[in-house]
Amino acid sequence: RARLSARRQSAAAMPEAVSYHGRSATRCGYCASSPPSPSSSSSQRASSVSDGAVAHALAPRTYDELINRGWRRSGSWMYKPAIGETCCAPYTIRLRCREFVRSKSQRKVVKRFERVLEEADEDGVGCQSWKAFTCTTSRSSFVEEEFELWKKYQVVVHGDSEDELRRTSYERFLVDSPLIEVSPGAGTPSVGYGAFHQQYRIDGELIAVGVIDVLPTGLSSKYFFWDPAYAHLSLGKLSALKEIEWVLDEAEKSKSPEFAYYYMGFYIHNCQKMRYKAEYSPSEILCPVTHRWVKVDDPDVRRRLDAGDTRLTNEDAIELERCAPSDALVGLAYAGRLLQCRRLRDLPMLMKQLTFIDVSNAKLAAFAETMKEFCDRFRGSAKNVMNLVDISREFCDSDDNDDEEEENEEEEEEKDDAFYVGE
């Protein structure tokens, strides 16, 4: 099957599409808890619980809205932690860049880096020369030099086996993107919107790579990897400061008041190695109950976090725009190709017109329930983003499949679903 790529398509030519996969539980990467077994009591908490979807194509504006509702992407896989059910509650965290002031420790990181760049002139007359440091931003694509650096980083820093570090995994995680490219224009950053890589170099040597998304309201930091030979420079902290700086510079150039935030992913209060993100102040996290942003350093917020509360403020909840399930978009695909895109209310009539498949009313009713959940998770975005489903998977009984073994193999790869959508 061909993989759908939104990176080289215009917003007009590429319909926005995801394939919603619902809620699931997996082993937690922070506390290492695993999903409970069937014999576990209902009182036992599950492990990492989240809603998930494969994103095929999304406008940067749409993804920006979803980030501000708690979603996050890894390659083309999108997920939203089910706070209140998941073991380690991950709250979306962002920084108001215009209000940011470097702390003493952050200033030390910058000074240390500057000392490395500075070197005494060989003639000994007291003049000084500087090593050349550059940070360039380019559209997300596979670069062999970056791939080799990533492998070195994973082996030394994370203890991975080099034999297991494959190009396909790297591309899926750090190169592939569902974001539709938006070219630079009035009110946008100088690079436009979409998925990007930032290369950090000293005298031409690649020392680090930042994987970022540039969105209408700011920069979303996805991943950062660096040369272990430069571990003493605290490049992870330096990159955060450089990315904040980049937001401020681009906001000034574009004159866009909305391009103001630095999105740092998730803040996990009960995980020590994830609490460092609050050091970039004034950071704010998204309350999953009220949908309001609250400051992490607010004493009342910290008290609630310490107590494990999911509601982080007493303010009234913001009523998010909703999409009625009947108005939600459904994309029907077969053999990897999009056949039709219709509102859910038109689906029963459409299915009757498809002569090559017999769909029961029970199957349609079950799918309607799935679409209700889809609308609840995606809110107003469900009006514009179609839920792309494979007819043979969603509406056929397992006995109707020609090859059960092949189906099982495809289920294992369901997070890498691909469709021809732009035709």
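All residue numbers refer to positions counted from 1 along the written sequence of the respective chain. In keeping with the predicted nature of the model, local features appear solely for residues at pLDDT of at least 70, side-chain atom pairs appear and are counted solely at 80 or more, and the whole-chain, interface and lining totals rest on all residues. In computing side-chain properties, one takes all heavy atoms of the structure into account and sets aside hydrogens as well as water.

**Student:** Tell me about the packing of aromatic side chains, residues and numbers included.
**Tutor:** Pairing of aromatic rings covers Phe, Tyr and Trp, the last through its six-membered ring, and needs centres within 6.5 Å; plane angles under 30 degrees mean stacked, over 60 mean edge-to-face, and all others mean tilted. Tallied over the entire structure, the rule returns 23 aromatic pairs. On the numbers, 5.2 Å between centres and 50° between planes, the contact of F147 with Y170 is tilted. Of this pair, F147 sits in helix α3 (residues 144-158) while Y170 sits in helix α4 (residues 167-175), and the two are 23 residues apart along the sequence. An identical accessibility class is assigned to F147 and Y170; each is buried. With a centroid separation of 6.4 Å and 80° between ring planes, the pair formed by Y170 and F225 is classed as edge-to-face. On the criterion of sequence distance, the pair formed by Y170 in helix α4 and F225 in strand β11 (residues 218-226) is long-range, its members being 55 residues apart. Among the aromatic residues, those joined into a cluster by ring pairs are F142, F147, W150, Y153, Y170, F173, Y223, F225 and W226. Definition used: whenever NZ (Lys) or CZ (Arg) falls within 6 Å of the ring centre and also within 35 degrees of the ring normal, the charge is taken to sit over that ring. If you follow R94 out to its NZ or CZ, it ends over the ring of Y261, 3.8 Å from the centre. Seen from the ring of W293, R94 lies directly overhead, with NZ or CZ sitting 3.9 Å from the centre. A helix here means a DSSP run of H or I that spans at least four residues, while a strand means a run of E at least two residues long, and both kinds are numbered starting from the N terminus. Three exposure classes are used, based on accessible area relative to the maximum for each residue type with a 1.4 Å probe and protein chains only: buried under 20%, partly exposed in between, and exposed over 50%.

**Student:** Account for the sheet that holds strand β9 (residues 194-202), with residues named and values stated.
**Tutor:** The strand order across the open sheet formed by 8 strands is β8-β9-β10-β11-β12-β5-β13-β14, and the pairing between neighbours is mixed. The open sheet has two edge strands with one neighbour each: β8 (133-139) and β14 (293-295). Taking the axes of each pair of neighbouring strands and ignoring which way they run, one obtains an average angle of 35° across the sheet. With 8 bridges joining them, strand β10 (residues 205-215) and β11 adopt antiparallel strand pairing. Of the residues in β11, the one forming a bridge with A208 is W226. Throughout, a residue-residue contact means that at least one pair of heavy atoms, one from each residue, lies within 4.5 Å. In this description, a line fitted to the C-alpha atoms serves as the axis of each element, helices being fitted only across the stretch in contact, and the angle between N-to-C directions of two axes falls anywhere from 0 to 180 degrees. Along the sheet, α3 contacts β9, β10 and β11; its crossing angle with β11, the most-contacted strand, is approximately 70°. Along the sheet face, α4 touches β9, β10 and β11 and points at about 150° away from the line of β11. Following DSSP output, two strands are said to pair if at least two bridges run between them.

**Student:** Residues and numbers for a nonpolar patch on the surface, please.
**Tutor:** Here the term patch refers to residues with relative accessible area over 30% and no salt bridge, with like charges joined within 9 Å and nonpolar side chains (Val, Leu, Ile, Met, Phe, Trp, Tyr) within 5 Å. Using the Shrake-Rupley algorithm and a 1.4 Å probe, accessible areas are obtained, with residue cover drawn only from the displayed protein chains. Salt bridges are defined as contacts in which a side-chain nitrogen from Lys or Arg sits within 4 Å of a carboxyl oxygen from Asp or Glu. Among the surface-exposed residues, V155, V156 and V157 lie close enough to one another that they form a single nonpolar patch of about 210 Å² accessible area. Inspection of the secondary structure assignment puts V155 in helix α3.

**Student:** Talk me through the pattern of salt bridges; I want residue IDs and the actual numbers.
**Tutor:** Summed over the entire model, instances satisfying the criterion amount to 24 salt bridges. Note that D51 is salt-bridged to R23, the shortest N-O span being 3.0 Å. With D51 in strand β2 (residues 48-57) and R23 in strand β1 (residues 17-26), this pair connects stretches of sequence that are 28 residues apart. A relative accessible area of 1% means that D51 is categorised as buried. Beyond isolated ion pairs, a larger network of salt bridges with shared partners links R23, D51, E85, E319, R322, D376 and R377.

**Student:** So what's going on with the nonpolar core? Residues and values would help.
**Tutor:** In these notes, a set of buried Ala, Val, Leu, Ile, Met, Phe, Trp, Tyr and Cys residues joined through side-chain atoms within 4.5 Å is what counts as a nonpolar core. If you look at the biggest cluster of nonpolar residues, it comprises 57 residues, and the most contacted ones within it are W150, V214, F225, L235, Y262, Y280 and I285. Looking at which element gives the most residues to this core, the answer is helix α5 (residues 235-254), with 8 residues. Setting aside residues no more than four positions away along its own chain, W150 makes contact with L165, R166, Y170, L174, Y223 and F225. In terms of nonpolar packing, the next biggest core, distinct from the first, is built from 40 residues, Y63, L286, A328 and L354 among them.

**Student:** A description of the sheet that holds strand β15 (residues 329-334) should follow, citing residues and the corresponding values.
**Tutor:** Here we have 7 strands laid out as an open sheet, ordered β3-β4-β2-β1-β17-β15-β16, and mixed in their pairing. Edge positions in the sheet fall to β3 (72-74) and β16 (337-343), since each has one partner strand and no second. Put simply, the sheet's adjacent strands are angled 35° from each other on average, direction ignored. Both β1 and strand β17 (residues 386-390) contribute to a ladder of 2 bridges, which runs parallel. Looking across to β17, one finds that A17 is bridged to M386.

**Student:** Kindly report on the packing of helix α2 (residues 104-117) against α5, identifying the contributing residues and their values.
**Tutor:** The N-to-C vectors of α2 and α5 enclose an angle of 100°; their axes lie 10 Å apart at closest approach. One element, α2, and the other, α5, form an angle in the roughly perpendicular class. Contacts between α2 and α5 involve Q106, V109, V110 and F113 from the former and L235, K237, L238 and L241 from the latter. Here the contact of α2 with α5 is built from residues that sort into 6 nonpolar, 1 polar and 1 charged. In what follows, roughly perpendicular refers to angles from 65 to 115 degrees, roughly parallel to angles under 35, roughly antiparallel to angles over 145, and oblique to any angle outside these ranges. For this classification, the nonpolar set comprises Ala, Val, Leu, Ile, Met, Phe, Trp, Tyr, Cys and Pro, the charged set comprises Asp, Glu, Lys and Arg, and every other residue, Gly included, is treated as polar.

**Student:** How would you explain a positive patch on the surface if you had to name every residue and give the values?
**Tutor:** Counted as positive: Lys and Arg. Counted as negative: Asp and Glu, with His and the chain ends omitted from the count. We put the charge of a Lys on NZ, of an Arg on CZ, of an Asp on CG and of a Glu on CD. On the surface, K104, R107, K108, K111 and R115 cluster together to form a positively charged patch. Within the secondary structure layout, K104 lies in helix α2.

**Student:** Can you tell me about the pairing of β9, naming the residues and giving the values?
**Tutor:** Across the 9 residues that make up β9, a large majority, 9, are buried. As judged from the 7 bridges shared by β8 and β9, these two strands associate in the antiparallel manner. Bridge pairing in β9 places T136 opposite Q199. As defined by bridge partners, β9 adjoins β10 across 9 bridges and the pair is classed as antiparallel. By the bridge assignment for β10, I202 is matched with E205. In this structure, the hairpin formed by β9 and β10 is closed by a connection of 2 residues, where D203 is found at a positive phi of approximately 50°.

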